[in-house]
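# Per-entry structural report
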Amino acid sequence: AAMKQTKGLEGDKMSIIKFEFNPKVGIDNPALTLTEDTDGEGVGEPRFYLLTKESTESFGFCLHEELGCQGHVIRQIELGGVAQRRGLQDGDRLLQVNGHFVDHMDHLRVVQKIKASGNQVLLAVLDGDSYEAAKSLGRDLSQMLPDDIRPRLCHITRDKSGFGFSVSCPEGTKGTFQLSVLQDGPADRAGVPPSSWLLELNGDSVKSYSHTQLTKKLKQSGNKVTLLVASSAVEEFYRLRGLRVTAALADTSRIPFKVRELHLVKGPAGYGFLLKEDDCSSGGVGQFLWDVDVGLPAEQAGMREGDRVLAVNGESIEGLDHEQTVHRIRAREDQVTLLVIDPAGDEFYHSVGSGGMVLL
């Protein structure tokens with residue numbers, strides 16, 4: 001089939017993502033399918049893959065949009081790359097990115113979603129033959145996928161009754177904690193599902209904790225605590241496929257700290273801000289916004305001094321230096337869209353181990 005040549009985010013020949021592999025990166029177990037059987041109509045089951053890389057590397061595949069071929073097509077899987085090692089196949093169709101259905105989305109938007117994922121992405125794919133068969137039968141592909149496969153990050157503030165949950169653990173075991181949630185209590189209001197499983201406490205895995213150690217950690221948290229939890233259905237989803245649940249995949253819609261999207265159109269005097277590279281409070285280096293001029297486009301768009309830039313024009317800047325970030329901002333002559341987070345939010349997400357990239 002002829003390939004549709006499109007313009008990528010940075011002048012690529014195609015609107016694709018090309019990634020490389022580091023054998024030190026990733027997880028040990030490939031993704032598993034629930035079944036390899038078909039439903040009698042030539043349609044197999046979606047497969048799920050959690051791909052992990054370092055910031056200087058890539059995932060080992062390309063995403064194509066092709067003439068005469070429906071969907072977002074997995075191509076150019078690198079020999080020995082992480083995508084091949086996890087089991088992605090040439091011709092697979094991409095259905096879901098980090099729990100979001102993407103088959104109906106514009107190709108460039110899907111590319112941006114993957115790039116914005118940073119160093120870890122969860123993909124759901126369907127083999128090419130099954131995809132074509134499902135389309136010919138008029139099936140709704142979104143119905144082939146679970147409703148919600150994301151754990152939740154919940155930030156709980158104690159009231160007079162406490163945090164509003166209790167913890168049970170099988171006698172003599174470590175790391176297996178189920179939560180009983182008080183109706184209308186702090187945990188319930190923060191979005192903790194009933195009978196959910198506790199995965200992380202304040203950014204630290206509880207896998208090695210005894211019940212006594214967990215209780216001590218909770219007491220040391222003071223009046224606020226952040227939990228990564230998974231409902232029974234979500235926990236089962238990952239366990240059956242041999243996938244590891246991390247905060248990078250979490251639903252953060254209930255967290256009080258939010259990123260902001262700023263769309264700036266350049267005026268006669270420019271955008272009206274300076275970009276400064278500086279150390280992050282949590283370690284590492286980031287790109288920060290300073291000297292926001294009153295009345296100019298940056299201030300009018302809602303920019304605040306001290307905001308940290310997470311993405312430029314829908315693409316994560318994780319791993320980029322100052323010069324590369326400036327180049328991204330200047331890529332479009334008269335406008336730019338920035339995803340930013342304020343210092344309090346930035347510090348919070350780093351404290352729970354997600355670095356804010358989960359919000360992209």
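An unreviewed UniProt entry annotates the protein chain as NHRF4 protein originating from Hylia prasina.

### Focus on unusual backbone geometry
Unusually for a residue other than glycine, D184 sits at a positive phi of about 65°. Judged by its relative accessible area of 54%, D184 is exposed. Of note, the phi angle at S195 is positive, near 55°, even though the residue is not glycine. Within the secondary structure layout, S195 lies in the loop between α4 (186–189) and β10 (197–201). Here S195 falls in the partly exposed class, since its relative accessible area comes to 37%.

### A few points about the nonpolar core
Formed by 21 residues in total, the largest nonpolar core has its most connected members in F48, L95, L122, L126, L141, Y238 and L243. For this core, the elements supplying multiple residues, two or more each, are β1 (47–52), β6 (120–126), α3 (128–136) and α6 (232–240). Each of two domains, domain 1 (47–144) and domain 2 (152–249), supplies a minimum of three residues to this core. Setting aside residues no more than four positions away along its own chain, L95 makes contact with P46, H100, F101, V102, D103, A124, V125, L126, Y131, L141 and L145.

### Details of the pairing of strand β18 (residues 335–341)
Across the seven residues of β18, six count as buried, placing the element largely inside the fold. Across six bridges, the pairing between strand β13 (residues 260–265) and β18 is antiparallel. Bridge pairing links R260 to V340 in β18. Here strand β16 (residues 308–312) pairs with β18 via four bridges, running antiparallel. Looking across to β18, one finds that R308 is bridged to I341.

### Looking at a negative patch on the surface
A contiguous patch of negative charge on the surface is contributed by E277, D279, D321 and E323. With respect to the element layout, D321 can be found in the loop between β17 (315–316) and α8 (322–329).

### Here we look at the pairing of strand β12 (residues 224–230)
With respect to burial, β12 is a largely interior element, six of its seven residues being buried. Pairing geometry for strand β7 (residues 152–157) and β12, over six bridges, is antiparallel. Each bridged residue has a counterpart across the sheet, and for T157 the counterpart in β12 is K224. Here β10 pairs with β12 via four bridges, running antiparallel. By the bridge assignment, L198 is partnered in β12 with V229.

Conventions we followed
Residues numbered from 1 in each chain as written. Predicted model: local features only at pLDDT ≥ 70, side-chain atom pairs only at ≥ 80, totals over all residues. Heavy atoms only, no water. Buried < 20%, exposed > 50% of the residue type's maximum accessible area, 1.4 Å probe, protein only. Helix = DSSP H or I, 4+ residues; strand = E, 2+ residues; numbered from the N terminus. Core = buried A, V, L, I, M, F, W, Y, C linked by side-chain atoms within 4.5 Å. Domains from an automatic or database assignment. Contact = heavy atoms within 4.5 Å. Pairing = 2+ DSSP bridges. Patch = residues over 30% accessible without salt bridge, like charges linked within 9 Å, V, L, I, M, F, W, Y side chains within 5 Å. Areas by Shrake-Rupley, 256 points an atom, 1.4 Å probe, with all protein chains shown as cover. Salt bridge = Lys/Arg side-chain N within 4 Å of Asp/Glu carboxyl O. Lys, Arg positive; Asp, Glu negative; His and termini not counted. Charge placed at Lys NZ, Arg CZ, Asp CG, Glu CD.

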